[in-house]
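Summary of structural features
Chain by chain, the residues:
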Amino acid sequence: MDRNTIEQELTTHLSAVAAGRGKSGPIDADRPFFETGILDSLSLLDFVAFVEKRYEIDISGRDIVPENFGSLRSVTDYVLGRLQRPVQQP
Amino acid sequence: MTGGGAADTVISTFHQLARQFPDRPAVLWGTTPISYASLVETSTRLSRALLEDGVHAGDRVALILDNSPDFVISYLAILGAGAVAVPLNPRAPVAAHARVFEDCRPVAAFFQSSDPEAALSIGSSAPDFKIAYSANWPGTTRTATVTTWRTGERIASVGAAGDLDLPAAESLALIVYTSGTTGNPKGVMLSHANMRHISDAGRELCQLGPTDRIGAVVPLFHLYGLRDIDLALSTGAAIVIPRHMNFPARMLSELRDANVTGISSVPSSLAILIERYHRELSECLSDLRYLAIGTAPMPSRGLAALRDALPRTRLITTYGLTEASRVCWHDVTDPMTPADPRIVGRPYSAVRLSLVDEVAGIGRVAVGSGMVMLGYWANEAATRAIITADAMVLTPDCGRFAPDGTLHLLGRIDDVINCGGEKVSPVEIEEVIARHPMVAAVTVLRIPDPDGVLGEVAQAIVVRKEGVSLSSQEVLQHAATMLEPYKVPRSVEFVREIPLSVLGKPRRAAMKGS
């Protein structure tokens, strides 16, 4: 799966989440989710669950950090990394 | 530590402690300390700025900030100036803020938003609004009616902090908005004396001393979070504000690195920690002295998991309501006995309880203490409906006393939904959804959270107008533009007519045009 496909899928999902929170318009790949209000601490976990299911990966609490889940770009990078180089879950 | 003096308030005690112990940490932003001396200097300068900018004693000043040192500084500055702080959720939509601004008419506000236009649009709901501050704006601007300041620049421009004329104990300190049974949120008025009593009760419960470090893991714009600022700063202790509230693994390591000794949290946040971050929880908080859990009942399974993760920590469940703050507490001592979440424990020493309209030992719980609010802002009728002649607050809960003196709750007398500790009025949601042009009728019900995190959530039952198409997504989007995210129903179900069986009471349907 390539980068564009992943980013596209995540964008579609997040746009629907954002719409449900009264936010519309394009999703800026680099702006933090929490700054724009697309996600909060609770919906972040729903989003993590979506990513786990869609890409068939397990995500440990340790991985749910701003570097991996802070913005559209960081999640895309994270998913791409996990798919290319599966990490052993402890 | 509630030293003497004429004005025995949290803010006066804080100023006194800052003179006595200037170098102690008052706030830790992550692990970065801000000393008592520095906090009192900065907040006093900002008080001075508010006064220079035309804020008078008793004026309302909205505090719409995320958890940060800025929140603490602005809060202290408002109180120090003798003004009244009105904390609000920065994530709430403009329409929700506008309703509050119309109600309590702030003259000034501190905004999280980096967008001055949005701030001015909210401000325009209050006729006397004239000053807006934000740490995140590019600079200072002036329109015909409103001046917007960059907070840091404004603080720097004040000549000298000097001494403040601190407010008297009986004056109004805070207005906290809360959803009741009616559609519009009501402003709970708390005096400086109320806030001192709330701190005193918390200090007694948690046996707090100057070496404690309290972790702020819930939003400070809630009274439940805000009162931990008071608690720390009137004790000589520190309040630890994690920088990464939204990323629990990071937050937990920040709390560990700051040597946090106590935390007040809520069942929904703890459920997430237990579910996803069990290992980080026990690794980072193994030395935690106390964990207080409030705003909603914690399921016994969750308590057992916490006991397992934090075997050395004192677990306390607390019961209260915004109108009376702290009411009861319960030590979770025995992990093997499944705790009944309805047992809310015994009252704080300063609290007296009674059961109103008692029949066979069961009645509506009434609470009296120095923590009981002055009343609802500009709502005499609502105040009279809840405060009795002997100054007790009628809670929405029915209960009974067990032989050991502990209070057991049996249910609510209203329809309010406790969504992860946030009290949500079905009427408020119904009124918003009923405004959608395609909606003929709507009723909002309380259902158990399908994900098991929030306890209860709202579900909207909607009747479409004849011959129109309307999706649940459209209903939810409409609701999200006017309501805080937690008030937006979890799901929408469409029906041809609202069955009388779900109505229960006449109020249960917001019928349009009737």
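The structure this text deals with has already been given above.
Now for a look at the structure at hand. Everything numeric here is computed off the predicted structure, so don't read it as measured data.

1. Observations regarding the overall build of chain A
Counting its secondary structure elements, chain A contains five helices and zero strands. Its helices and strands in sequence order give chain A the pattern α-α-α-α-α, from N to C terminus. Taking 12 Å as the expected radius of gyration for a compact globule of 90 residues, we find that chain A reaches 12 Å, a close match to that expectation. Expressed as lengths along the three principal axes of its C-alpha atoms, the size of chain A is roughly 40 × 25 × 20 Å. Counting the 90 residues in chain A, one finds 44% classified as buried.

2. Let's talk about the interface of chain B and chain A
Contacts between the two partners involve 22 residues from chain B and, on the opposite side, 26 residues from chain A. The largest share of the area that chain B buries against chain A comes from Asn246, Phe247 and Arg276 of chain B, three residues that together contribute 35% of it. The tally of links from chain B across to chain A stands at four salt bridges. With a closest N to O distance of 2.7 Å, glutamate 52 of chain A and arginine 276 of chain B form a salt bridge. For the interface between chain B and chain A, the tally reads five residue pairs in polar contact (both at pLDDT 80 or more).

3. Brief notes about helix H8 (residues 223-233) of chain B
Burial within H8 of chain B is extensive, with 11 of its 11 residues counted as buried. Every buried residue of H8 of chain B is listed here: Leu223, Tyr224, Gly225, Leu226, Arg227, Asp228, Ile229, Asp230, Leu231, Ala232 and Leu233 of chain B.

4. Regarding the pattern of salt bridges
Evaluation of the coordinates by the stated rule reveals 29 salt bridges over all chains. In this structure, arginine 3 of chain A and glutamate 7 of chain A form a salt bridge, with 4.0 Å as the shortest nitrogen-oxygen distance. Note that arginine 3 of chain A and glutamate 7 of chain A are positioned in helix H1 (residues 3-20) at a spacing of four residues, about one turn of the helix. Judged by relative accessible area, which is 23%, glutamate 7 of chain A ranks as partly exposed. What emerges from the salt-bridge pattern is a single network uniting Asp8, Arg196, Asp200 and Arg203 of chain B.

5. A short note on the nonpolar core
Counting 88 residues, the largest nonpolar core has Leu39, Tyr75 and Leu174 of chain B as its most contacted members. Residue contributions to this core peak at eight residues, all from helix H3 (residues 69-80) of chain B. Here leucine 174 of chain B is in contact with Tyr75, Val84, Ala85, Pro87, Val188, Met189, Leu190, Met195, Leu223 and Leu226 of chain B, once residues within four sequence places are set aside. Listed in part, the 59 residues of the second largest apolar core include Ile27 and Leu80 of chain A together with Phe247 and Leu281 of chain B.

6. Observations regarding helix H9 (residues 248-257) of chain B
Residue and element names in this part refer to chain B. For H9, a buried count of seven out of 10 residues is recorded, marking the element as mostly surrounded by other parts of the structure. Turning to H9, its buried residues number three or more, namely Pro248, Ala249, Met251, Leu252, Ser253, Glu254 and Leu255. Contacts made by the buried residues of H9 are with strand S11 (213-216), strand S12 (238-241), strand S13 (262-265), helix H10 (267-276) and helix H11 (278-284).

7. A short note on the packing of aromatic side chains
Enumeration according to the criterion identifies 10 aromatic pairs over all chains in this entry. Between phenylalanine 34 of chain A and phenylalanine 247 of chain B, the ring centres sit 5.2 Å apart and the planes meet at 85°, which makes this aromatic pair edge-to-face. Of this pair, phenylalanine 34 of chain A sits in helix H2 (residues 33-36) while phenylalanine 247 of chain B sits in the loop between S12 and H9, each in a different chain. Aromatic pair phenylalanine 47 of chain A and phenylalanine 69 of chain A: ring centres 6.3 Å apart, planes at 85°, arrangement edge-to-face. Of this pair, phenylalanine 47 of chain A sits in helix H3 (residues 41-55) while phenylalanine 69 of chain A sits in helix H4 (residues 66-69), and the two are 22 residues apart along the sequence. Using a relative accessible area of 2% as the deciding quantity, one classes phenylalanine 47 of chain A as buried. By relative accessible area, phenylalanine 69 of chain A is classed as buried at 0%. Among the aromatic residues, ring-to-ring pairing joins Phe33, Phe47, Phe50, Phe69 and Tyr78 of chain A into one connected group.

8. Topic: the pairing of strand S17 (residues 343-347) of chain B
Residue and element names in this part refer to chain B. Pairing between strand S16 (residues 325-331) and S17: two bridges, direction antiparallel. Residue pairing for S17: cysteine 328 is matched across the bridge by proline 347. For S17 and strand S22 (residues 407-412), the ladder comprises two bridges, and the chain directions are antiparallel. Along S22, the bridge assignment pairs glycine 345 with leucine 407.

9. Remarks on the pairing of S22 of chain B
Residues and elements named next belong to chain B. Where strand S21 (residues 393-401) and S22 come together, five bridges link them in antiparallel fashion. Bridged to glycine 399 within S22 is leucine 409. The turn linking S21 back onto S22 is made up of five residues, and glycine 405 within it adopts a positive phi angle of 90°.

10. Thoughts on the packing of H1 of chain A against helix H15 (residues 472-482) of chain B
Where H1 of chain A contacts H15 of chain B, the axes come no closer than 7 Å and their chain directions differ by 60°. In terms of axis orientation, H1 of chain A runs oblique to H15 of chain B. Mapping the contact onto sequence places Ala16, Ala19 and Gly20 of chain A in H1 of chain A and Gln473, Leu476, Gln477 and Ala480 of chain B in H15 of chain B. Among the residues making up the contact of H1 of chain A with H15 of chain B, the classes are represented as four nonpolar, three polar and no charged.

What counts, and where the lines are drawn
Residues numbered from 1 in each chain as written. Chains lettered and ligands numbered in written order. Predicted model: local features only at pLDDT ≥ 70, side-chain atom pairs only at ≥ 80, totals over all residues. Heavy atoms only, no water. Helix = DSSP H or I, 4+ residues; strand = E, 2+ residues; numbered from the N terminus. Rg over C-alpha atoms; globule rule 2.2 N^0.38 Å. Buried < 20%, exposed > 50% of the residue type's maximum accessible area, 1.4 Å probe, protein only. Contact = heavy atoms within 4.5 Å. Buried area = accessible area lost by both parts, 1.4 Å probe. Salt bridge = Lys/Arg side-chain N within 4 Å of Asp/Glu carboxyl O. Polar contact = N/O pair within 3.5 Å; in protein donor to acceptor, adjacent residues only side chain to side chain. Core = buried A, V, L, I, M, F, W, Y, C linked by side-chain atoms within 4.5 Å. Phe/Tyr/Trp six-rings, centres within 6.5 Å; stacked < 30°, edge-to-face > 60°. Pairing = 2+ DSSP bridges. Axes fitted to C-alpha atoms, helices over the stretch in contact; angles between N-to-C directions. Parallel < 35°, antiparallel > 145°, perpendicular 65-115°, else oblique. Nonpolar A, V, L, I, M, F, W, Y, C, P; charged D, E, K, R; others polar.

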